[in-house]
Amino acid sequence: MRAWRWDLFCRVIDNFGDVGVCWRLAAELGARGHAVRLWIDDASALAWMAPQGAPGVTVQPWGDQPPDLPPGDVVVEAFGCTPPPGFVARMAAATPPPVWINLEYLSAEPYAERSHGLRSPQFAGPGAGLDKWFFYPGFTPATGGLLQDGAAVGDDPAGARGWLRAQPWAEGWRESDRLVLLFGYASLPLPGLLQALAGPPTTLLLPPGGLCDRLQAEPLPAGLRLAALPHVSQPEFDRMLAATDLNLVRGEDSFVRAQLCATAPFLWQIYPQDDGAHALKLEAFLDRYLAGSPPALVGAVRQCFHAANGLAPWPSALPEPAAWRALHQAWRARLRAQDDLCTQLLRFVKGRPG
Ligand code: TRH
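Everything quoted here is computed from the prediction, not taken from an experiment.

Once that is clear, we can look at the nonpolar core. If you look at the biggest cluster of nonpolar residues, it comprises 67 residues, and the most contacted ones within it are Phe285, Tyr289 and Phe305. Element by element, the count of residues in this core is highest for helix α11 (residues 295-308), at seven residues. Both domains that meet at this core, namely domain 1 (5-144) and domain 2 (151-336), each give it at least three residues. Filtering out sequence-adjacent residues up to four positions away, Phe305 remains in contact with Phe266, Leu267, Trp268, Leu282, Phe285, Leu286 and Tyr289.

Rendered as structure tokens:
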């Protein structure tokens, strides 16, 4: 397959998921020999997320007056962030025009399968005459799949744990502690979670942010200790997920990585939406994730996911570890057996006229 020139557009709405997903995609395309221009309105998080950059990837600041650059072969707008009008006009004037993709948010809801790959002809505006194609990531073969490069780190949890223990900021951690990563929002319902975690000696790993600040002011049940972490790069973050005994993650990208990189189970604090639509999204995921598991385990895991999102009280104890782990590992194996998003995107673009 010949290498293409990609323009990938990213607007940071808040937090790190927009830049996190776009950087992963850019880096995966670059690793496969493509040239990627990542247009981004706020690249600040890349300083710690990707301090080394990535081969083939150039970061293009996207301010109020974007430079008049000619479009490449493929244009990807992430999460419906429309490229600048002048750029779209140049796309329409190009012969042939670039393939124009809208990379959507991840959801397990049925609309992702229904809408994946649909064409959206542009009738008005600077892109009139062009087609835009919807590309939906997802959990099933009928969707665009998940970004999977680097997920093999999860095949060696002992190696990941050795790496974690060797980090300068891990000095002084108790050797045999259970490790629980808490990468949630500051709104995470805490007291019940801390009670459910109480008992075995446990270190709670806390990335920088509101949740870490809040926890430092919270009384801790016996056995629990806090470890405040620095921000680490995406590959290091993946290794951390692979090293722990339980991961509480959030948003979109850490949610995916906890499924692909870790053999230990996870909980998801979903990004809250004003209209409450996140509850349906959560349920759609749980229906897929838990399908076929024993009813008692399904009930226990579902309650914890609900509790992490304020939709149910926390149970007094977390699900039985071995059964929960087995459920998670079976799910991971299923996802890993599917074609990854980057491979599918390349195949999709190849079969599309501009
Ligand atoms: O930060 P998030 O909540 O991001 C988002 C955005 O808010 C976005 O607007 C919303 O639409 C989306 O969620 C659903 O969570 P997420 O998606 O998990 O992104 C975090 C990224 O930060 C992910 O790429 C992992 C990365 N990361 C590191 O690389 N190193 C770190 O130390 C940490 C803590 C995170």
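That covers the picture; the talk isn't over yet.
So, about the layout of surface pockets. What the largest pocket holds in volume is close to 840 Å³. No other element matches the five residues that helix α1 (residues 17-31) contributes to the lining of the largest pocket. Partitioned by chemical class, the residues of the lining of the largest pocket number 26 nonpolar, ten polar and nine charged. Each of domain 1 (5-144) and domain 2 (151-336) accounts for three or more of the residues forming the lining of the largest pocket. Around the second largest pocket, the lining comprises 18 residues; the ones closest to its centre are Trp23, Arg24, Ala27, Gln234 and Pro235. Looking at the lining of the second largest pocket, the elements that each hand over two or more residues are α1 and α8 (234-243). Top contributing element to the lining of the second largest pocket by residue count: α1, with five residues. Counted by class, the lining of the second largest pocket contains eight nonpolar, five polar and five charged residues.

Parameters at a glance
- Residues numbered from 1 in each chain as written.
- Predicted model: local features only at pLDDT ≥ 70, side-chain atom pairs only at ≥ 80, totals over all residues.
- Heavy atoms only, no water.
- Core = buried A, V, L, I, M, F, W, Y, C linked by side-chain atoms within 4.5 Å.
- Buried < 20%, exposed > 50% of the residue type's maximum accessible area, 1.4 Å probe, protein only.
- Helix = DSSP H or I, 4+ residues; strand = E, 2+ residues; numbered from the N terminus.
- Domains from an automatic or database assignment.
- Contact = heavy atoms within 4.5 Å.
- 1 Å grid on protein atoms, 1.4 Å probe; cavity = no way out; pocket = protein on both sides within 12 Å on 5 of 7 lines; lining within 4 Å.
- Points joined across faces, edges and corners; volume = space filled by probe spheres on them.
- Nonpolar A, V, L, I, M, F, W, Y, C, P; charged D, E, K, R; others polar.

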